[in-house]
Amino acid sequence: ELEKQLADEFDFIQEAVAMDRIYNSLTRSSDGTEVTEPPLVLPRPVPGLVSKRVLVMDYLKGVPLSRAREEMEKRGIDANSPESKLFGRKLLKALTYGFGRNILETGFFHADPHPGNIFVLENGDIGLIDFGQVKQISGRNRETLAKVMVALTDRVGDDRPEDLEKIGNLALELGVELNEDAQDEAAAAVAMWLFDGSTEVLPGGYDTGELSPNSPVKELKSFPQDLVLVGRSSILIKGISNRLGIPWSLAKEWAPIARDVLNANSGQVDMTSSVDKRVRFRTVLSTFKQWARGRANHVGKSLPSPVRSQVARLIIKMEERKSRRNLTRHVPPK
């Protein structure tokens, strides 16, 4: 898979096309009829200044995520402060929503996510660069992935046989192959390990640590080539959440997108609306949100440091309560 990707790494015309395609998918609703607010800032290629060997694009003013901690220390910002934790949640949300929409809605996504390609911009937004490696997955795999997200989110418990069988069968449908002596729960455990970082105890007694000799990853005989780079994206987000100490379930965050995709595929959503219809309320709301966010950033920067910390601490508490409700919604009472 990586060999195939590297063959197109230095074709800048293809990269420019990929940049535009991903930008368009994130700034429009899944049916293309409404303008949406992109979760990530993406550079745009400059028309007329792109060739196979040259690519001129927008400049994103900021620092790569790999140097974010160093930059915070230079500015005297404590990495464990409420402001830092609040930024960590913003980072996870931006990456999760951006990759979730691309992977599940169109199947076309940035396939080289790493801390050097993720930028923290001066205004606190998250940028994404380097579209030399992209991936298109099949419609069938997209739909099955969406079903996996919904099944993981809707499960009643982590050890309920009916739920584990459903999740496991979907994982096998994607093309996951297990060792012959793998436990019955292995397929479900792999799916939960890959897409639900909030799970503390995996079924079958497997460990959540990928380097553990008892990790469900050890049960993999082969992983579907079409989904290798999907796994790379999910592991990146999972790694960031672990490093920040924030429980994060990709499945629960991606489930609303997955449901929309499945409803559209089953014909339950009208996909024939015309783009030239009157401006919709969601478009106005998106514009207002962008304005409000800019004003909030401006006001926030003008507040004294102790006040900023108190505000950030309050927002974190509210988000943690919301996260706990989401993570425990389907857990049965003991």
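Anything mentioned here points back to the structure above.
Residues numbered from 1 in each chain as written. Predicted model: local features only at pLDDT ≥ 70, side-chain atom pairs only at ≥ 80, totals over all residues. Heavy atoms only, no water.

Caption draft 1: The overall build of the protein, seen in detail. A count of helices and strands for the protein gives eleven helices and nine strands. Per-residue burial over the protein gives 43% buried out of 334 residues. Residue pairs in contact within the protein that sit at least 24 positions apart in sequence constitute 73% of those at least 6 positions apart. About 18,400 Å² of surface is accessible on the protein, with carbon and sulfur atoms providing 54% of the total. (Helix = DSSP H or I, 4+ residues; strand = E, 2+ residues; numbered from the N terminus. Buried < 20%, exposed > 50% of the residue type's maximum accessible area, 1.4 Å probe, protein only. Contact = heavy atoms within 4.5 Å. Areas by Shrake-Rupley, 256 points an atom, 1.4 Å probe, with all protein chains shown as cover.)

Caption draft 2: View of the pairing of strand E5 (residues 118-121). By the alternation rule, side chains of E5 split into Ile118 and Val120 and Phe119 and Leu121, which are all buried. Pairing analysis gives three bridges linking strand E3 (residues 62-64) to E5, with the strands arranged antiparallel. In the sheet register, proline 64 faces E5, and the bridge partner there is phenylalanine 119. Two elements, E5 and strand E6 (residues 126-128), share three bridges in a ladder whose sense is antiparallel. Pairing of valine 120 across the sheet is with isoleucine 126, part of E6. Between E5 and E6, which pair antiparallel and follow one another directly, the connecting turn spans four residues, one of which, glycine 124, has a positive phi of 95°. (Pairing = 2+ DSSP bridges.)

Caption draft 3: View of the sheet that holds E5. Spatially, three strands are ordered E3-E5-E6 in an open sheet, and the strand pairing comes out antiparallel. Each of the sheet's edge strands pairs with one partner strand only, and the pair in question is E3 and E6. Taken pair by pair, the neighbouring strands of this sheet meet at an average axis angle of 35°, ignoring direction. Packed on one face of the sheet, helix H4 (residues 82-106) meets E5 and E6 and runs near 40° to E6. (Axes fitted to C-alpha atoms, helices over the stretch in contact; angles between N-to-C directions.)

Caption draft 4: Quick peek at a nonpolar patch on the surface. A surface patch of nonpolar side chains, about 220 Å² in accessible area, is lined by Leu49, Val54 and Val56. Overall, the relative accessible area of 45% leaves leucine 49 in the partly exposed class. (Patch = residues over 30% accessible without salt bridge, like charges linked within 9 Å, V, L, I, M, F, W, Y side chains within 5 Å. Salt bridge = Lys/Arg side-chain N within 4 Å of Asp/Glu carboxyl O.)

Caption draft 5: Main features of the packing of helix H7 (residues 186-195) against helix H8 (residues 228-244). Between H7 and H8, the shortest axis-to-axis distance is 8 Å and the interhelical angle comes to 60°. Here H7 lies oblique to H8, going by the angle between them. Contacts from Trp193, Leu194 and Phe195 of H7 reach H8 at Val230, Gly231, Ser234, Ile235 and Lys238. Residues that form the contact of H7 with H8 fall into these classes: five nonpolar, two polar and one charged. (Parallel < 35°, antiparallel > 145°, perpendicular 65-115°, else oblique. Nonpolar A, V, L, I, M, F, W, Y, C, P; charged D, E, K, R; others polar.)

Caption draft 6: Examining the pattern of salt bridges more closely. Following the criterion strictly, the structure yields 13 salt bridges and no others. In this structure, aspartate 112 and arginine 232 form a salt bridge, with 2.7 Å as the shortest nitrogen-oxygen distance. Placement of aspartate 112 in the loop between strand E4 (108-110) and E5 and of arginine 232 in helix H8 is noted, with a sequence separation of 120 residues between them. The partner of aspartate 154 in a salt bridge is arginine 259, and the shortest N-O contact between them spans 2.7 Å. Taken as a pair, aspartate 154 in helix H5 (residues 139-154) and arginine 259 in helix H9 (residues 250-265) lie far apart in primary sequence, 105 residues in all. Each member of the salt-bridge network shares a partner with another, and the members are Arg155, Asp158, Asp196 and Lys252.

Caption draft 7: A look at the nonpolar core. Among the nonpolar cores identified, the biggest contains 69 residues, and Ile103, Leu104, Leu145, Phe195 and Trp254 are the most heavily contacted of them. Top contributing element to this core by residue count: H7, with nine residues. (Core = buried A, V, L, I, M, F, W, Y, C linked by side-chain atoms within 4.5 Å.)

Caption draft 8: Examining H4 more closely. In a regular helix each residue adds 1.5 Å, so 25 residues correspond to 36 Å; H4 covers 36 Å between its end C-alpha atoms and thus fits that length. At the exit of H4 stands glycine 107, carrying a positive phi of roughly 80°. (Expected span 1.5 Å × (residues − 1).)

Caption draft 9: Region of the structure containing the packing of aromatic side chains. Applying the stated rule across the entire model yields one aromatic pair. Residues phenylalanine 195 and tryptophan 254 carry aromatic rings whose centres are separated by 6.3 Å and whose planes lie at 50° to one another, so their mutual orientation is tilted. Of this pair, phenylalanine 195 sits in helix H7 while tryptophan 254 sits in helix H9; the two residues are 59 residues apart in sequence, bridging distant segments of the chain. In this structure tryptophan 254 comes out as buried when scored by relative accessible area, which is 1%. Directly above the ring of phenylalanine 108 sits arginine 21, whose terminal nitrogen or CZ lies 3.8 Å from the centroid. Looking at arginine 44, its charged tip hangs above the ring of tyrosine 23, at a distance of 3.8 Å from the centre. (Phe/Tyr/Trp six-rings, centres within 6.5 Å; stacked < 30°, edge-to-face > 60°. Lys NZ or Arg CZ within 6 Å of the ring centre and 35° of its normal.)

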